[in-house]
Structures are given as C-alpha cells and as structure tokens.
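Reading the structure
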Amino acid sequence: MDSCATGDNQEICWFCRKGRHEDCMKEIPTQGKSDGPHDCTFDTKLIPCKCSH
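In short, a report on the structure. All figures in this text were calculated on a predicted structure; none of them were measured in a lab.

To continue, consider the overall build of the protein chain. Along its length, the protein chain carries 1 helix and 2 strands. Counting from the amino terminus, helix and strand elements in the protein chain follow one another as α-β-β. Looking at the protein chain as a whole, 17% of its 53 residues are labelled buried. Pairs at least 24 apart in sequence give 25% of the contacts found in the protein chain among residues at least 6 apart. Of the accessible surface of the protein chain, which amounts to about 4,100 Å², a share of 51% is contributed by carbon and sulfur atoms.

Here's what the structure looks like:
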C-alpha cells in the first residue's frame, strides 16, 4: 500500500494520495473561513505537500 494513501489527509495533495507523485502539486490550497464581512468570505492558504516521495 502506498504510504501516501492516507484517506483524507489534508497535508498530502490529491495526486500523491492517488499514487501520481510525478504530478505532485507541491503546495495545496486550503480554504478557511475568514473574519470577513460576509458569510462567504474565505481565506485560501497554501500549505506544502507533506508527501515523502
């Protein structure tokens, strides 16, 4: 079993979870709700992919 196939680990990109390490995104966009004036205001942050390929 691939060591990156960890289900819903948010710190490993979709490609690495599927075993497609050559397509690694390097950085994963994550969305978190911000303290903006509207309910639909989001902050998109990039976190590095933690895959050890």
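Anyway, onward from the coordinates.
Further remarks concern the packing of aromatic side chains. When we look at a pair of aromatic rings, we describe it by the centre distance and by the angle of the planes. Summed over all chains, the structure comprises 1 aromatic pair. Consider the rings of tryptophan 14 and phenylalanine 15, whose centres lie 5.2 Å apart with planes at 85°: the pair is edge-to-face. Classification of tryptophan 14 as partly exposed rests on a relative accessible area of 43%.

Moving on, we get to the pattern of salt bridges. Using the criterion set out here, one finds 2 salt bridges in the structure. The salt bridge involving glutamate 11 is made with lysine 50; its shortest N-O contact spans 3.7 Å. Linking glutamate 11 in the segment before helix H1 (14-17) with lysine 50 in the segment after strand E2 (42-48), this pair joins segments that are 39 residues apart in sequence. Residue glutamate 11 is classed as partly exposed on the basis of its relative accessible area of 36%.

Once that is clear, we can look at the environment of threonine 44. On the secondary structure map, threonine 44 appears in strand E2. When near neighbours in sequence (up to four residues on either side) are disregarded, threonine 44 contacts Pro29, Thr30 and Gln31.

With respect to the helices and strands, the residue glutamine 10 is situated in the segment before H1. Along the primary structure glutamine 10 and lysine 50 are separated by 40 residues, whereas in three dimensions their C-alpha atoms are 9.3 Å apart. Apart from residues lying up to four places away in sequence, glutamine 10 is in contact with Ile28 and Ile47.

The rules behind these values
- Residues numbered from 1 in each chain as written.
- Predicted model: local features only at pLDDT ≥ 70, side-chain atom pairs only at ≥ 80, totals over all residues.
- Heavy atoms only, no water.
- Helix = DSSP H or I, 4+ residues; strand = E, 2+ residues; numbered from the N terminus.
- Buried < 20%, exposed > 50% of the residue type's maximum accessible area, 1.4 Å probe, protein only.
- Contact = heavy atoms within 4.5 Å.
- Areas by Shrake-Rupley, 256 points an atom, 1.4 Å probe, with all protein chains shown as cover.
- Phe/Tyr/Trp six-rings, centres within 6.5 Å; stacked < 30°, edge-to-face > 60°.
- Salt bridge = Lys/Arg side-chain N within 4 Å of Asp/Glu carboxyl O.

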